[in-house]
Amino acid sequence: MTDAHIAVGMLLILILTIFLGFPVAFTLMALGVGFGYYAYFDAARMWRAYDRALDSGGDAFTLTETWIGGFFNNRIFDLFVNQTYSVIQNDVLTAIPLFLFMGYIVERANIVDRLFSTLYSVTRRLPGSMAVAALVTCTLFATATGIVGAVVTLMGLLALPAMLKARYDVRYATGVICAGGTLGILIPPSILLIVYAATSGISVVRMYAAALLPGLALAGLYLTYVVVRAILQPQLAPRPTKEEVGEHTPAQLAWMMLTSFAPLAFLILAVLGAILFGLATPSEAAAIGALGGLALAAAYRALTWRRLKESVYLTARTTAMVCWLFVGSATFASVFAYLGGQQLISDFVTGLDMSPLMFLIMAQIIIFILGWPLEWTEIIVIFIPIFIPLLPHFGIDPLFFGILVAINLQTAFLSPPMAMSAYYLKGVSPSHVKLTDIFRGMMPYMLIVILCMVIIYLFPDIVYMLPNLLYGGQR
């Protein structure tokens, strides 16, 4: 068995342990160090000091000490330390805790209920008005937080009971909340895009610019489906009565929008605009967003010591998880490539003589399947580095590939049996809402995601238009 075959076995063990439920970050580090010890094993270097001590007749303590020192004198430990340092001092990753903090503090600012009721009042004349309001609220809130579980849970507590009380179909109501809650990982400022950029070496700014139109396009497709479905099947979303929605003058609606919709929208646009127009780096803009989130929470009188402490704790926990995933992934990938695993996979894939379209379809199918048991963070930091070196062979731009991946990963939260959005929503739903109903409600949106990917492939200028307009360059 060659070293390359051992590397493939290393990858298979990783997949098996993940399916068994072992912590991914620590599994990556353990496999990287374990197989790396074999890969970098050099007896002459490791026990040189021990051999000298043995020849000079050293005492038992000296021999034991030099033997233990020799055991750890393996280059894998040097590699592990260097990878850890590289991740910690990575400027791109600095934006992650700041955006996370902005999201957590905004989540606790208690503006979602006011935002939803305002949008419902504004859209009351549209078919499926409550679903439209829920989708727009989900989109805006998910964009601000980027935390799928938080958005789906909060909207499940707020919007789902209201829609069920308004006699909305259970599948129709649950599907729109689950789909809308996932948009935050695609629409900038998205943490997923930062992680992909750090993994692939692409500019975060160009990634944000490239993802904006596709993200809005997917949200638009969702919105179109919600309205058209309500027109074709009005029994799914009965129109509200005047008593249910209330009467508001245009001036009242404008004031409601100004006090609920405008502040959050301004915060998002300020952060995104500062990045896209080069006024600040992603890390600096994230710091502005974090400060803006604190100001927003204070303005809504929701900034308490307990909420601030919770936000800091959750930010630190999630950041640590992402950082150790990067450390483990970098160590694993280095050993995997050193053993020849990357070259073996590259030779195998290029030997299949696939067209670029066939390769794209194969890669997206693999990512779609991986989305069942894995979180998007694990897919990005573990498996995307395997695909990235293959892209030049097929003439595929990593920027374009990244946008397709970001759209595809929407299905990770929408595809049974491991659709986490469904479980988030089921956890806060009334007892009569069945998990199977939520699954069925999500299925049309999963098909819409696939349709969006097809549209992006057929019209790639949707991806390239904004980055080329802002920063120049050709695809």
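Look up a bit, the structure's there.
Residues numbered from 1 in each chain as written. Predicted model: local features only at pLDDT ≥ 70, side-chain atom pairs only at ≥ 80, totals over all residues. Heavy atoms only, no water.

Tracing the chain through its elements places Pro263 in helix α15 (residues 250-276). The exposure class assigned to Pro263 is partly exposed, which follows from its relative accessible area of 24%. On a C-alpha basis, the gap between Pro263 and Ala299 in space is 9.8 Å, while along the polypeptide they are 36 residues apart. Excluding residues that lie within four positions of it along the chain, Pro263 makes contacts with Leu258, Leu296 and Tyr300. (Helix = DSSP H or I, 4+ residues; strand = E, 2+ residues; numbered from the N terminus. Buried < 20%, exposed > 50% of the residue type's maximum accessible area, 1.4 Å probe, protein only. Contact = heavy atoms within 4.5 Å.)

Below, the discussion takes up helix α13 (residues 204-232). Along its 29 residues, α13 runs 41 Å from first to last C-alpha, staying within 8% of the 42 Å computed at 1.5 Å per residue. Along α13, the helix axis deviates most sharply at Ala211, where the bend reaches about 30°; the proline Pro214 sits within four residues downstream. Capping the start of α13, Ser203 holds a side-chain oxygen 3.2 Å from the backbone nitrogen of Val205, two or three residues further along. (Expected span 1.5 Å × (residues − 1). Bend = angle between axes of the 7 residues up to and from the residue. Polar contact = N/O pair within 3.5 Å; in protein donor to acceptor, adjacent residues only side chain to side chain.)

A few words on the side chain of Thr123. Residue position: Thr123 is located in the loop between α8 (112-122) and α9 (129-145). Reaching out from Thr123, the side chain makes a polar contact with the backbone oxygen of Leu119 at a distance of 2.7 Å. In this view, Thr123 contacts Ser129, Val132 and Ala133; residues no more than four positions away in its chain are not counted.

Membership of the largest hydrophobic core comes to 171 residues, with the highest contact counts inside it found for Phe99, Met163, Tyr222 and Phe401. Per-element tally for this core: the top contributor is α13, with 15 residues. Here Phe401 is in contact with Tyr196, Leu360, Ala363, Gln364, Ile367, Ile384, Phe387, Leu391 and Ile396, once residues within four sequence places are set aside. (Core = buried A, V, L, I, M, F, W, Y, C linked by side-chain atoms within 4.5 Å.)

This next bit is on empty space enclosed by the protein. This structure, assessed with the given rule, holds 1 cavity of 30 Å³ or more. Ile15, Ile18, Phe19, Leu370, Leu374 and Phe383 are the residues that line the largest cavity. Per-element tally for the lining of the largest cavity: the top contributor is helix α1 (residues 3-19), with 3 residues. Partitioned by chemical class, the residues of the lining of the largest cavity number 6 nonpolar, no polar and no charged. (1 Å grid on protein atoms, 1.4 Å probe; cavity = no way out; pocket = protein on both sides within 12 Å on 5 of 7 lines; lining within 4 Å. Points joined across faces, edges and corners; volume = space filled by probe spheres on them. Nonpolar A, V, L, I, M, F, W, Y, C, P; charged D, E, K, R; others polar.)

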